[in-house]
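Here are the chains, one letter per residue:
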Amino acid sequence: MFGLGLLARAARQHQLQCTVSRLFSSCRPLAAATDAVQQAQPREQLQYDLCIVGAGPAGLSAAIRFKQLCKEDNRDLSVCLIEKGSEVGAHILSGNVFEPRALDELFPKWSEQQGEGQAFADLPLRQKATADRFYMLTQGSSIRLPNPPQMKNRGKNYIISLSELTRWLAKHAEEQGVDVFPGFAGKEVLYDWHNAVVGVATGDMGIAKDGCRKPSYTPGVDLMARLTLFGEGARGSLSQSLMQHYGLREAAGASPQTYALGLKEVWEVPEEQHQPGLVLHTVGYPLDNSTYGGGWIYHMEGRRVSLGLVVGLDYANPSLSPYQEFQAFKRHPLVAATIVGGTCLQYGARSLNEGGLQSIPKLAFPGGALIGCSAGFLNTPKIKGTHTAMKSGIVAGEEAFRALGLADDAGKKGPITLRNYADRMEVSWVYQELERARNIRPGFSKWGLWGGMANAALSTYLLRGREPWTLKHRHADHEATKLARDCPPKDYPKPDGVTTFDIPTSLYRSGTNHNHDQPPHLVLADPGLPEVVNHPQYGGPEAKYCPAGVYEYAADEASGRPRLVINAQNCLHCKACSIKDPRQNITWTVPEGGGGPNYTIM
Amino acid sequence: MSKVLVAVKRVIDYNARVRIKPDKSGVDLTNVKMSMNPFCEIAVEEALRLRESKAVDEVVAVSLGPQQVQETLRTALAMGADRAIHVSTEQQLEPLAVAKLLAALARREQPLLCLLGKQAIDGDNNQTGQMLAGLLSWPQATFASKVELDKAAGSAKVTREVDGGLETLSCQLPAVITTDLRLNEPRYATLPNIMKAKKKSIAKLTPQELGVDVTQQLVTLQVEEPAQRKGGVVLGSVAQLVEKLHKEAKVI
């Protein structure tokens, strides 16, 4: 174990060169560079058999399944789970109409143990879906359409808050002996000389804005593990670095991942406007025919309504603001009728994967694997990713247990690769679902709204996903943005403060907060690029697509020219900037642990 | 062995958005994030610094309430407290009851110092530390922004934040000190310390064992949200202003 630590530290010395050069390229003074050299001092190490990054449905399912198998087999293997949010559930945002398929596998017979005092008494699956509706919206009206078969939820699925469910899962995991550590961000992947993953380094805390150490400086720790699972959600920062490091996309011949940005609010509405169990989806207004997306209204229990808009991030017009489109969605009579007179409780935004089967990278690498949305198992036509994420977590947990058990019994040391995990996923119901759904989303980017719907109907009703072709994603989302001069500028009306709000008001409701005195976590590879490319050519799209108002163009006092101001403190950790920046100039890195949104019912 | 007793309270996280329950009986605590009271965190940090400067030998964290307060005690242990005491009760505790329980504990533990936060951010009472000092007949220094312990002389020099500025006073030990915001910046709990904290002991006591009656003396009748702020109005002339002050605001 000590040897392994030395190797990891030595490997990081080499990586330190990269760290130092990264520091020079971002806007930090020279003082920071010497600090980086100081930080090469040995950090404390914690040893685990399994380390999981991210306390989302995938990570928690993996941890719970792993511990279940440990108990059955009477093996004592240690698991830890780190989560960058201040508590579990704080960074989780989802619609969410929950398909309990994977939950049934994780906890068979959970529905029979929901009586008072029993194990699943307070499992937050309280509202079953009672009705499905599908609408095409125009400016002032709505046309009821037949429900697509992927949207049949009535009687089977539950309308839940995923924040609540993950909190419940975390409590259960802790009871089973998993060490859950909220408030700790995975900053760096640790590799050894065999180029295997040997763990994750958590971020240092207490570093000031200019890079110097504050009196409260606390170095992060190196979490050394024989296997590390990465369940950071869509566009996770460590997952991105792993995909680059191992060439995971190229190895699988995968298309680039495509994304959408989901904006969500939870409202408490008057009794007369509440129809518990109603699951409503919309297409059309406010999005035009060339922008993919749709809205939802889910009626939860207790007069709560979850509503939101999903906007495909391959939109072309750089002046489009997904946040303002969401406000327009709320102004539509169908939506306004539900929320008028109510109170908005929480707001949030998060990117989601839309690439489906075509974009899944190679899943396993020496020492670890990608699980959940970090890999990208979301079923786009269903807009459900929780059940597939949980299934991937369960399979990864099982394979991790098996692999560690075999290594222990054989007395084998050295890196472990979870080859069976990827193989099992390929024959699981996850891939079956994704296979059937694979041609629907790409049809919309090729042929717009009407062509896409025709293609979707063909693929769903007639060919049932068995068509011999697979439409590929032609380009990454950021490549689809046109120049500002080629697109009509979009003008948005002012918010009314009753059902529509400005960004600061909405941001307040997300509970987002970061310690302001820390280096900005949004790193520009070329700090001068926004003034030369983003603003003149694209009209500063980051000021439009960021749902938290992080990016602003303000006139520089000296030169009078517009300058990019980054209010990193507002960040909702949605990752839209990492996805949509036209030159991929913005890298989203993880800020000090415990910062970010504080969702409780999202 | 000289000890410092630190009282910590589990309250709604300072960052959380608060709502009133529909029946106006109190604040809605379901699905709300709870954490240690910020002033209590400062108290724990000060206690740890006193131990690190060898002014005291042991830091004992205390919390009162239902089972969940053990999470707050674990945080105190993760920051570095040596051991913790949980006074277990389902009863809503008022400042006087808390002061009586802490006084009983202080008589048992015989600490050199009792450190408390100046107030809790849910109740905002700012009474417990003062009442505790009164019950024990110990000197008190509240709103401390600087604490210096002179072990040899058995006294403490405390700088207090008062309305007029800063007041420095000296008091004999044992004493009660309540902390204000600028006293220190609490340290982060590190992962290794969180792991160690899981193994540290939390002793459990009940109010009955301490011989304290914690029945509530006060009944909350109603909790309401503050009045909605109305938008401002731009007026055209002084005459209009006078008219509005006379007719609407009714102040002249």
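Going by the annotation in an unreviewed UniProt entry, the name recorded for chain B is Electron transfer flavoprotein subunit beta, with Tetradesmus obliquus given as the source organism. Listed under Function (unreviewed entry) in UniProt, the entry text for chain B is "The electron transfer flavoprotein serves as a specific electron acceptor for several dehydrogenases, including five acyl-CoA dehydrogenases, glutaryl-CoA and sarcosine dehydrogenase. It transfers the electrons to the main mitochondrial respiratory chain via ETF-ubiquinone oxidoreductase (ETF dehydrogenase)."

An unreviewed UniProt entry annotates chain A as Electron transfer flavoprotein-ubiquinone oxidoreductase originating from Tetradesmus obliquus. Chain A has a UniProt comment under Catalytic activity (unreviewed entry) that states "a ubiquinone + reduced [electron-transfer flavoprotein] = a ubiquinol + oxidized [electron-transfer flavoprotein] + H(+)". For the record of chain A, the UniProt heading Sequence similarities (unreviewed entry) holds the text "Belongs to the ETF-QO/FixC family."

**Q** Would you explain the packing of aromatic side chains in this entry?
**A** Aromatic rings in a pair are described by how distant their centres are and how their planes are angled relative to each other. All names here are of chain A. Tallied over the full model, the rule gives 14 aromatic pairs over all chains. Ring geometry for Tyr 246 against Phe 365: centres 5.1 Å apart, planes inclined by 15°, an arrangement best described as stacked. With Tyr 246 in helix H6 (residues 237–246) and Phe 365 in strand S19 (residues 364–365), this residue pair connects regions lying 119 residues apart in the sequence. Phe 365 sits in the buried class, given a relative accessible area of 1%. By way of ring pairs, the aromatic residues Tyr 191, Phe 230, Tyr 246 and Phe 365 are connected into one cluster. The residue whose ring lies beneath Arg 441 is Tyr 292, and the NZ or CZ to ring-centre distance is 3.9 Å. Note that Arg 509 overlies the ring of Phe 501, its terminal NZ or CZ placed 4.1 Å from the centroid.

**Q** Is there a simple way to explain the pairing of strand S5 (residues 131–137) of chain A in this structure?
**A** For a regular strand, the rule is simple: side chains alternate between the two faces of the sheet. Residues and elements named next belong to chain A. Here S5 lies mainly inside the structure; 6 of its 7 residues are buried. Bridging between S5 and strand S6 (residues 142–145) involves 4 bridges; their strand directions are antiparallel. In the strand pairing of S6, Met 136 is matched with Ile 143. Connecting S5 to the antiparallel partner S6 that follows it, the hairpin turn spans 4 residues.

**Q** Just checking my understanding: could you explain the pattern of salt bridges for this structure?
**A** Pairing between side chains of opposite charge can happen when the charged atoms of each approach one another. Applying the stated rule across the entire model yields 44 salt bridges over all chains. Residue Arg10(B) is joined to Glu71(B) by a salt bridge in which the shortest nitrogen-to-oxygen separation is 3.8 Å. With Arg10(B) in strand S2 (residues 10–12) and Glu71(B) in helix H2 (residues 69–79), the pair connects residues that are 61 residues apart, well separated along the chain. Residue Arg10(B) is classed as partly exposed on the basis of its relative accessible area of 22%. Among the ionic pairs, Asp82(B) bridges to Arg51(B), the shortest N-O distance being 2.9 Å. Taken as a pair, Asp82(B) in the loop between H2 and strand S5 (83–88) and Arg51(B) in helix H1 (residues 38–52) lie far apart in primary sequence, 31 residues in all. With a relative accessible area of 31%, Asp82(B) lands in the partly exposed category. Put simply, Arg65(A), Glu398(A), Glu399(A), Arg402(A) and Arg424(A) are held in one network by salt bridges that share partners.

Calculation criteria
Residues numbered from 1 in each chain as written. Chains lettered and ligands numbered in written order. Predicted model: local features only at pLDDT ≥ 70, side-chain atom pairs only at ≥ 80, totals over all residues. Heavy atoms only, no water. UniProt positions renumbered as here; feature names shortened; annotations may be inferred. Phe/Tyr/Trp six-rings, centres within 6.5 Å; stacked < 30°, edge-to-face > 60°. Helix = DSSP H or I, 4+ residues; strand = E, 2+ residues; numbered from the N terminus. Buried < 20%, exposed > 50% of the residue type's maximum accessible area, 1.4 Å probe, protein only. Lys NZ or Arg CZ within 6 Å of the ring centre and 35° of its normal. Pairing = 2+ DSSP bridges. Salt bridge = Lys/Arg side-chain N within 4 Å of Asp/Glu carboxyl O.

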